[in-house]
Amino acid sequence: MFDDLLNNNKAWAQRIEEQHPGFFKELAAQQKPDYLWIGCSDSRVPANEIVGLMPGELFVHRNIANMVLHTDLNCLSVLHYAVEVLKVKHIIVCGHYGCGGVRASLGHDDLGLIDNWLRHLKDIAYANNEILSAEEDEDARVDRFCELNVIAQVSNVCKTKPVQRAWKAGRELTIHGWIYGIEDGIIKDLKVDAKSFDCMPELYRVG
Ligand code: CO
């Protein structure tokens, strides 16, 4: 019930304060997260909970289908702040199987405004047509595409200026590609860690 939310919040804050006295006062003074999370807006993939992190430990950006687009000032601003001000050491792109955005991008329905967002996914699908059409079952195709999308977004993160500046300065910064199973709650590491310019085509290098 909607009316429960504020009561839930009071109970939650009280519980945290009992378990960790002074928790909120300390956090109010500063945040020092080591991780930036880029995930899907899907309500079944709550960032902090699934990796067991407390408030203050994870800087979060979420959008439909966990995309990192070079014209998305929202995502790029989050990334900029996380890398250059908070100096996070890890950026996690976490997709999830059965992603509705990914599934919709493989269809042909006129969905209105969101089609412009999903078009970026379509481009990735088109570029990976051979791999995707080898999957016979539609669900398997969607899941395979969910993985390919994470890999493409990890690559996009690498190409951004804050990441390149950090690497150029010799800072330790690793980009990870993960995918979450909404059916079992388990995260799979796609093992596409990127931690240097070696992970990026020369054409995209800046400076
Ligand atoms: Co999703």
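Scroll up to find the structure.
Residues numbered from 1 in each chain as written. Predicted model: local features only at pLDDT ≥ 70, side-chain atom pairs only at ≥ 80, totals over all residues. Heavy atoms only, no water.

Asker: Could you give an account of the packing of aromatic side chains, naming the residues involved and the relevant values?
Answerer: Taken as a whole, this structure holds 5 aromatic pairs when the rule is applied. Summarising the aromatic geometry, the rings of Phe23 and Phe24 are spaced 5.3 Å apart at their centres and angled 90 degrees between planes, so their arrangement reads as edge-to-face. Looking at Phe23, the relative accessible area reads 14%, which means it is buried. When the centroid spacing of 5.7 Å and the interplanar angle of 75 degrees are considered together, the rings of Trp167 and Phe197 count as edge-to-face. Of this pair, Trp167 sits in helix α9 (residues 161–168) while Phe197 sits in the segment after β5 (187–189), and the two are 30 residues apart along the sequence. In this pair, the class of Trp167 matches that of Phe197, namely buried. Each member of the aromatic cluster is reached from another via a ring pair, and the members are Trp12, Phe23 and Phe24. Sitting above the plane of the Tyr204 ring, Lys159 keeps its charged end 4.2 Å from the centroid. (Phe/Tyr/Trp six-rings, centres within 6.5 Å; stacked < 30°, edge-to-face > 60°. Buried < 20%, exposed > 50% of the residue type's maximum accessible area, 1.4 Å probe, protein only. Helix = DSSP H or I, 4+ residues; strand = E, 2+ residues; numbered from the N terminus. Lys NZ or Arg CZ within 6 Å of the ring centre and 35° of its normal.)

Asker: Describe the coordination of the cobalt ion, and please don't skip the residues or the numbers.
Answerer: Surrounding the cobalt ion are the protein donor atoms Cys40 (SG), His96 (NE2) and Cys99 (SG), at 2.1 to 2.3 Å. Mapped onto the polypeptide sequence, the residues donating to the cobalt ion form the spacing pattern C-x55-H-x2-C. Here the residue Cys40 occupies a position in strand β1 (residues 35–40), and His96 occupies one in strand β3 (residues 90–96), the gap between them amounting to 56 residues. Judged by relative accessible area, Cys40 falls into the buried class, the value being 6%. (Donors = N, O, S within 2.8 Å, 3.2 Å for Na, K, Ca; no water.)

Asker: Please provide a residue-by-residue account of the nonpolar core, values included.
Answerer: Core analysis: the biggest nonpolar cluster contains 43 residues, and Leu36, Ile91, Val157, Leu173 and Ile175 have the highest contact counts within it. Those elements that provide at least two residues to this core are β1, α4 (73–85), β3, α6 (114–127), α8 (138–159), α9 and β4 (174–180). Sorting elements by how many residues they give to this core places α8 first, with 8 residues. Excluding residues within four positions of it along the chain, Ile175 makes contact with Ile91, Val154, Val157, Cys158, Val163, Trp167, Val192, Asp193 and Ala194. By size, the runner-up hydrophobic cluster in this structure holds 8 residues, among which are Trp37, Leu58, Ile92 and Tyr180. (Core = buried A, V, L, I, M, F, W, Y, C linked by side-chain atoms within 4.5 Å. Contact = heavy atoms within 4.5 Å.)

Asker: Would you mind going over the packing of α6 against α8 in detail, with residue names and values included?
Answerer: Packing of α6 against α8 brings their axes to within 10 Å, and their N-to-C directions diverge by 105 degrees. On the basis of their axis angle, the class for α6 and α8 is roughly perpendicular. Of α8, the residues touching α6 (which contributes Leu121, Ile124 and Ala125) are Phe145, Asn149, Ala152 and Gln153. Across the contact of α6 with α8, the residue classes break down as 5 nonpolar, 2 polar and no charged. (Axes fitted to C-alpha atoms, helices over the stretch in contact; angles between N-to-C directions. Parallel < 35°, antiparallel > 145°, perpendicular 65-115°, else oblique. Nonpolar A, V, L, I, M, F, W, Y, C, P; charged D, E, K, R; others polar.)

Asker: Break down the pairing of β1 for me, with residues and values.
Answerer: Burial analysis of β1 places 5 of its 6 residues in the buried class, which makes it a mostly covered element. Two elements, β1 and strand β2 (residues 58–63), share 6 bridges in a ladder whose sense is parallel. Across the sheet, Gly39 pairs through a bridge with Arg62, a residue of β2. Pairing analysis gives 5 bridges linking β1 to β3, with the strands arranged parallel. Looking at the pairing, Trp37 lines up with Ile92 of β3. (Pairing = 2+ DSSP bridges.)

Asker: Please set out the layout of surface pockets residue by residue, giving values where relevant.
Answerer: Empty space among the atoms can be located by rolling a probe the size of a water molecule over them. Taken as a whole, the largest pocket encloses approximately 220 Å³ of empty space. In terms of lining, the largest pocket is formed by Ser105, Leu106, Gly107, His108, Lys122, Ala125, Tyr126, Asn129, Leu132, Ser133 and Arg141. Sorting the residues of the lining of the largest pocket by element identifies α6 and α7 (129–133) as the ones contributing at least two each. Here the residues of the lining of the largest pocket sort into 4 nonpolar, 5 polar and 2 charged. (1 Å grid on protein atoms, 1.4 Å probe; cavity = no way out; pocket = protein on both sides within 12 Å on 5 of 7 lines; lining within 4 Å. Points joined across faces, edges and corners; volume = space filled by probe spheres on them.)

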